[in-house]
Amino acid sequence: QILGKDGPDPVTEPAKAMIFVTVGTTSFDDLVKEVDSPSFQEQAKALGYTRLVVQRGRGTYRLSQRDPAILEVESFDLKPSLEDEMSSASLVISHAGAGSIIEALRQKRRLLVVVNPALMDNHQLEVAEAMHQRGHCAMAAEPRQLHSALAE
């Protein structure tokens, strides 16, 4: 299964216990807010994740200060390359942009794609559904579905 119910094993895979969230070069504050929620972070910890790295893109939302005992959290806007973050992640949560999806799959990362329903002519939904149907990723049709998709 692409996503896996149990997440990484923090004992045998301590460096693999990181979730990387990317919105590409766009703005997707709804996704960033969702991963910033205490309920998401507690669920991630329960699944064995210890770190959350969030690439915010052009969004304006800034992550809250949370208890580092739950998850170690860091964030940034944009970088020339996301290769280090992608290769360090055991799970990539990505917007449904083709470039981000392809990069995560190229690096053989487990992938959860979240569609941005605010986009006009929502091609992201078509891309995400096609990749999900082919077994390449798990998907959430909107940020509010992230919790249930993470639990799959």
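See the structure shown above.
Reference entry: report on the structure contained in this document. Remember, it's a predicted structure, so these values are computed and weren't measured experimentally.

**Quick notes on the nonpolar core**
Step number 1: Counting 24 residues, the largest nonpolar core has I19, L31, F40, I93 and L112 as the members making the most contacts within it.
Step number 2: Only strand 1 (18–22), helix 1 (29–36), helix 2 (38–46), strand 2 (51–55), strand 4 (91–95), strand 5 (110–114), strand 6 (138–140) and helix 6 (146–151) provide two or more residues apiece to this core.
Step number 3: Not counting residues within four places of it along the chain, the set of residues in contact with L31 comprises V21, T22, V23, I93, H95, V114, P143 and L146.
Step number 4: Within the second largest apolar cluster, 18 residues are counted, among which are L82, M86, I101 and C137.

**Some details on the sheet that holds strand 2**
Step number 1: Taken in spatial order, the six strands line up as 3-2-1-4-5-6 in an open sheet, and their pairing is parallel. Of all the strands in the sheet, just strand 3 (72–76) and strand 6 have a single pairing partner and so form its edges. Geometrically, the sheet is characterised by an average inter-axis angle of 15° between neighbouring strands, direction not taken into account.
Step number 2: Judged from the five bridges that link them, strand 2 and strand 3 form a sheet pairing that is parallel.

**A few points about unusual backbone geometry**
Note: most peptide bonds trans; most residues except glycine with negative phi.
Step number 1: With phi around 60°, K108 is a residue other than glycine that occupies positive phi space.
Step number 2: Mapped onto the elements, K108 comes out in the loop between helix 4 (98–106) and strand 5.

Calculation criteria
- Residues numbered from 1 in each chain as written.
- Predicted model: local features only at pLDDT ≥ 70, side-chain atom pairs only at ≥ 80, totals over all residues.
- Heavy atoms only, no water.
- Core = buried A, V, L, I, M, F, W, Y, C linked by side-chain atoms within 4.5 Å.
- Buried < 20%, exposed > 50% of the residue type's maximum accessible area, 1.4 Å probe, protein only.
- Helix = DSSP H or I, 4+ residues; strand = E, 2+ residues; numbered from the N terminus.
- Contact = heavy atoms within 4.5 Å.
- Pairing = 2+ DSSP bridges.
- Axes fitted to C-alpha atoms, helices over the stretch in contact; angles between N-to-C directions.

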